[in-house]
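Working through the structure, step by step
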Amino acid sequence: MEQNFETVDTVQGRLEVLNKSLISEENSVQCYETLLEKTPSDSEQNIGRRRIYEELHQEEKKHVATIQALLDYWESKLDELKAS
């Protein structure tokens, strides 16, 4: 099979992985939100914990956006392949 050649099946394979990845990243976003909610700002250590949880939370949100963009791209490619 040619390296850059895509079929309906190869694109569906990509979409399956991306959907699973999206769920995983969304779960990570929720995890860091929960950790932030449950960590008080009552000590220097907890302030440090909260800061890193927020940074990780923001990073995971970027991952969600990237994966969603990839999903949109490959879903449109799948539609093109099915139409041809």
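Look a little higher up for the structure.
About the criteria used
- Sequence order sets the numbering: in each chain, residues are counted from 1 along the sequence as written.
- Selection of residues for local features in this predicted model requires a pLDDT of at least 70, selection of side-chain atom pairs for listing and counting requires 80 or more, and totals for whole chains, interfaces and linings are taken over all residues.
- Excluded from the side-chain calculations are hydrogens and water; all other atoms, namely the structure's heavy atoms, are used.
- By definition, any uninterrupted DSSP run of H or I lasting at least four residues is a helix, any uninterrupted run of E lasting at least two residues is a strand, and each is numbered from the N terminus.
- Throughout, a residue-residue contact means that at least one pair of heavy atoms, one from each residue, lies within 4.5 Å.
- Axis definition: a line fitted to C-alpha atoms, limited for helices to the stretch in contact. Angles are taken between N-to-C directions and run from 0 to 180 degrees.
- In what follows, roughly perpendicular refers to angles from 65 to 115 degrees, roughly parallel to angles under 35, roughly antiparallel to angles over 145, and oblique to any angle outside these ranges.
- Left-handed is the label given to a crossing in which the near helix is rotated counterclockwise from the far helix by less than a right angle, and right-handed is the label when the rotation is clockwise.

One can find Leu71 in helix H2 (residues 44-83). Sequence separation of Leu71 and Leu22 is 49 residues, and the distance between their C-alpha atoms is 8.9 Å. Residues contacting Leu71, with those up to four places away along its chain left out, are Leu15, Leu18, Asn19 and Leu22.

The next point concerns the packing of helix H1 (residues 8-38) against H2. It is at 8 Å that the axes of H1 and H2 come closest, and there the two elements cross at 160°. Considered as vectors, H1 and H2 are oriented roughly antiparallel to each other. Seen along the crossing, H1 lies across H2 with a hand that is left-handed.

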